[in-house]
Amino acid sequence: QALVLPASDATDHSINLAAILDEIRPHLAGKTNAEVGELAGMNPVVVSQMFTRTKPASLAAVAALADAAGGRLVVKFEPPAKPRASKPKTARGKTS
């Protein structure tokens, strides 16, 4: 099961969901909040609240709106160039 982070967690890690919504919005031009809500599987009132910034958007909601706009939201993990060194374990399996 996927872990869903609250919007504040995404913001804490420099994911500006409001800016992403600004990129998605032109691709939904001409559609009502009801139509967008239907496409995204969301309540039209919530759609309006997110676009007017009266309700914070979650990563999942932004992904649903990206899909409704015909695009997709990509969040990617990039591993470090070098693997982190692990601490040696003692005979009992605990780290030293």
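Given the structure is predicted, the values throughout are model-derived calculations rather than measurements. (Residues numbered from 1 in each chain as written. Predicted model: local features only at pLDDT ≥ 70, side-chain atom pairs only at ≥ 80, totals over all residues. Heavy atoms only, no water.)

Draft legend 1. Looking closely at the nonpolar core. Judged by nonpolar contacts, the single largest core of 16 residues is most densely connected at Leu21, Met42, Met50 and Leu65. Of all elements in the fold, only α2 (17-24), α3 (33-40), α4 (44-51) and α5 (59-68) reach the threshold of two or more residues within this core. For Met50, the residues in contact, after removing those within four places along its chain, are Leu21, Met42, Lys55, Pro56, Ala57, Ala61 and Leu65. (Core = buried A, V, L, I, M, F, W, Y, C linked by side-chain atoms within 4.5 Å. Buried < 20%, exposed > 50% of the residue type's maximum accessible area, 1.4 Å probe, protein only. Helix = DSSP H or I, 4+ residues; strand = E, 2+ residues; numbered from the N terminus. Contact = heavy atoms within 4.5 Å.)

Draft legend 2. Seen up close, α2. Listed in full, the buried residues belonging to α2 are Leu17, Leu21 and Ile24. The buried residues of α2 all sit within an arc of 60 degrees when viewed along its axis, so they share a single face. The backbone nitrogen of Ala18 has a side-chain oxygen 3.2 Å away, supplied by the residue at the start of α2, namely Asn16. (Arc of directions from axis to C-beta. Polar contact = N/O pair within 3.5 Å; in protein donor to acceptor, adjacent residues only side chain to side chain.)

Draft legend 3. Region of interest: the packing of α2 against α5. Packing of α2 against α5 leaves a shortest axis separation of 10 Å and a crossing angle of 10 degrees. In terms of axis orientation, α2 runs roughly parallel to α5. Of α5, the residues touching α2 (which contributes Leu17, Ile20, Leu21 and Ile24) are Leu59, Val62, Leu65 and Ala66. When its residues are assigned to classes, the contact of α2 with α5 shows 8 nonpolar, no polar and no charged. (Axes fitted to C-alpha atoms, helices over the stretch in contact; angles between N-to-C directions. Parallel < 35°, antiparallel > 145°, perpendicular 65-115°, else oblique. Nonpolar A, V, L, I, M, F, W, Y, C, P; charged D, E, K, R; others polar.)

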